[in-house]
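# Structural overview for review
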Amino acid sequence: MADQYAHSGDGKRPTEIPAIRWEEPPEGPVLVLLDQTRLPVEEVELVCTDASALVEAIRSLAVRGAPLLGIAGAYGVALAAVRGFDVDEAAAALEGARPTAVNLAVGVRRARTAHEAALAKGGDVRQAAAAALAAARQLHREDAEASGRMAEHGLALLDELLPGGGHRILTHCNTGSLVSGGEGTAFAVALAAHRTGRLRRLWVDETRPLLQGARLTAYEAARSGMAYTLLTDNAAGSLFAAGEVDAVLIGADRITADGSVANKVGSYPLAVLARYHHVPFIVVAPVTTVDLDTADGASVEVEQRPGHEVTEVTAPQVPVVGAEAGGGIQVAPLGTQAYNPAFDVTPAELVTAIVTEEGAVSPVTAEALAEMCARSRGVAAD
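Residues numbered from 1 in each chain as written. Predicted model: local features only at pLDDT ≥ 70, side-chain atom pairs only at ≥ 80, totals over all residues. Heavy atoms only, no water.

## Examining the packing of aromatic side chains
Across all of its chains, the model carries one aromatic pair by this definition. Aromatic side chains W22 and Y75 sit 5.9 Å apart centroid to centroid with 25° between the ring planes, which places their arrangement in the stacked category. Of the two residues, W22 is situated in strand β1 (residues 20–23) and Y75 in helix α2 (residues 66–82); the sequence distance between them amounts to 53 residues. The exposure class assigned to W22 is buried, which follows from its relative accessible area of 11%. For Y75, a relative accessible area of 4% translates into the label buried. (Phe/Tyr/Trp six-rings, centres within 6.5 Å; stacked < 30°, edge-to-face > 60°. Helix = DSSP H or I, 4+ residues; strand = E, 2+ residues; numbered from the N terminus. Buried < 20%, exposed > 50% of the residue type's maximum accessible area, 1.4 Å probe, protein only.)

This is how it looks when you write it as structure tokens:
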């Protein structure tokens, strides 16, 4: 097959520009984001001076990915507090920006709780804002550390399931440093395999309709020197049938108490294909993505996105005949209705293992997930 061959990497992050960072210029604190809607054509940063700007960045997918949304949500609360805006109002707006992604709510609540605790102890608004910012920075550090541990646990699991190396991994959407304080979730495992000479091929689903695989995962794989090949989502079946996939690795936006996994739409069909072809289907996500308060997959609120994402193809950020840069090229008749869920839900019985910073859960059961979450909190499970 004609594809992208590996070359020796130099150990750099897939992008030199961090996906998110807090800055304090003379005019006041800001949250700076790498605009992921502009990749891979150009690396452009967005500067958010308040929570409303961050909400728009989240909704437009300029910033995205479960772990990074948690970090962004925490920084958004801190930004509102430091700049003197209504923290409760900012927190509510941020938490509702993308309802399926549980990490966003976790990050928002963590910074908000720190803010409220400081006020309850008699601190002034300045001290409360500092507490919210400290909580956001701590979450950022913890996610980076969790990313490294997930990579270790995920690679160990691959070696156990597929001894001998030469892994051919299929992934969906984008799960690298663009979604994390570290090197990502599922992509971090593939990157660890690459660095140890155990990755033979990374198969990259393009991930319709917004092409996060083509635009972002291929971008990160290329910059990391990985052997990768891009495919349309509907070509995955033929790839399995040809015996070219050893494992599927995806991330998650929410894992329910029974082990159901909500992730970018298109993940569930891969799980069905993997089961039929006896290929491991592995989910890699931090413990913060496990939502024990959501009982099962049927209880997950699946975000429905605008139909134009399906009926139009977004033009790149360079001039294209017949379309404005960043606009859309019509590919369906005007007035066509579109079904455009952002996520689908994979039942636990189709998941071989869930890998977190605490280790791998396999088989995936409600009891095993609850025990892992308790262990993560440092509390012995009942």
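## Points about empty space enclosed by the protein
With the rule as written, the count across this model stands at two cavities of 30 Å³ or more. Its boundaries defined by the atoms lining it, the largest cavity holds a volume of some 170 Å³. Considering the residues around the largest cavity, the lining is formed by 20 residues, among which R64, G65, A66, N174 and D253 are closest to the centre. Mapped by element, the contributors of at least two residues to the lining of the largest cavity are α2 and β9 (261–264). When the residues that make up the lining of the largest cavity are grouped by side-chain class, the tally is nine nonpolar, seven polar and four charged. For the second largest cavity, the calculated volume is near 60 Å³. Forming the boundary of the second largest cavity are R208, P209, L210, Q212, K264, V265, R305, E309, N340, P341 and A342. Its residues assigned to classes, the lining of the second largest cavity comprises five nonpolar, two polar and four charged. (1 Å grid on protein atoms, 1.4 Å probe; cavity = no way out; pocket = protein on both sides within 12 Å on 5 of 7 lines; lining within 4 Å. Points joined across faces, edges and corners; volume = space filled by probe spheres on them. Nonpolar A, V, L, I, M, F, W, Y, C, P; charged D, E, K, R; others polar.)

## Details of the packing of helix α5 (residues 125–161) against helix α6 (residues 186–195)
Contact pair α5 / α6: the axes reach a minimum separation of 8 Å and the direction vectors enclose 65°. For α5 against α6, the interelement crossing comes out right-handed. In this structure, α5 uses S147, M150, A151, G154, L155 and L158 to contact α6, whose residues at the interface are A188, V189, A192 and A193. A breakdown of the residues in the contact of α5 with α6 according to their chemical character gives eight nonpolar, two polar and no charged. (Axes fitted to C-alpha atoms, helices over the stretch in contact; angles between N-to-C directions. Left-handed = near helix turned anticlockwise from the far one by under 90°. Contact = heavy atoms within 4.5 Å.)

## Examining the sheet that holds strand β10 (residues 281–284)
Adjacent strands of a sheet pair through backbone hydrogen bonds, lying either parallel or antiparallel. Ordered in space as β6-β5-β4-β7-β10-β15-β16, the seven strands form an open sheet in which the pairing is mixed. Every other strand in the sheet has two partners, leaving β6 (228–231) and β16 (359–361) as the edge strands with one partner each. On average, adjacent strands in this sheet sit at an angle of 25° to one another, irrespective of strand direction. As judged from the five bridges shared by strand β4 (residues 167–171) and strand β5 (residues 199–205), these two strands associate in the parallel manner. Residue pairing across strands places R168 opposite R201, the latter belonging to β5. (Pairing = 2+ DSSP bridges.)

## A short note on a nonpolar patch on the surface
Taken together, the side chains of V313, I329 and V331 make up a nonpolar region of the molecular surface, amounting to roughly 210 Å² of accessible area. Assignment of secondary structure puts V331 in the loop between β13 (328–330) and β14 (343–346). (Patch = residues over 30% accessible without salt bridge, like charges linked within 9 Å, V, L, I, M, F, W, Y side chains within 5 Å. Areas by Shrake-Rupley, 256 points an atom, 1.4 Å probe, with all protein chains shown as cover. Salt bridge = Lys/Arg side-chain N within 4 Å of Asp/Glu carboxyl O.)

## Quick notes on the pairing of β5
In terms of burial, β5 is largely enclosed, as six of its seven residues are buried. With α6 bridging β4 and the parallel β5, this β-α-β connection has right-handed handedness. In this structure, β5 lies alongside β6, joined through four bridges in parallel fashion. Bridge pairing links W203 to T229 in β6. Crossover connection from β5 via helix α7 (residues 212–223) to parallel β6: handedness right-handed. (Right-handed = clockwise from strand over helix to strand, strands pointing away.)

## Structural notes on the nonpolar core
L31 and L54 are the most contacted members of the largest nonpolar core, which has 38 residues in total. The set of elements that each furnish at least two residues to this core consists of β1, β2 (30–34), α1 (51–59), α2, α3 (87–95), α4 (102–120) and α5. The next biggest cluster of nonpolar side chains, apart from the first, holds 30 residues, and it includes A236, V287, V290 and V351. (Core = buried A, V, L, I, M, F, W, Y, C linked by side-chain atoms within 4.5 Å.)

## So, the packing of α2 against α5
Relative to each other, α2 and α5 sit at 165°, their axes nearing to 8 Å. On the basis of the axis angle, α2 is roughly antiparallel to α5. With respect to the hand of their crossing, α2 and α5 are arranged in left-handed fashion. Here P67, G70, I71, A74, Y75, A78, A81 and V82 of α2 lie close against α5, whose contacting residues are A129, A132, L133, A136, R137, L139, H140 and D143. Partitioning the contact of α2 with α5 into residue classes produces twelve nonpolar, two polar and two charged. (Parallel < 35°, antiparallel > 145°, perpendicular 65-115°, else oblique.)

## Side note on the sheet that holds β2
Taken together, the three strands give an open sheet; going across it, the order is β1-β2-β3, and neighbouring strands pair in antiparallel fashion. Edge positions in the open sheet fall to β1 and β3 (45–48), since each of these has one partner strand only. Strand-to-strand twist of the sheet, defined as the mean angle between neighbouring strand axes without regard to direction, takes the value 25°. Of the pairings in the sheet, the one linking β1 to β2 comprises four bridges and is antiparallel in character. Within the sheet, the bridge partner assigned to I20 lies in β2 and is L33. Running at roughly 15° to β1, α2 makes contact with β1, β2 and β3 of the sheet.

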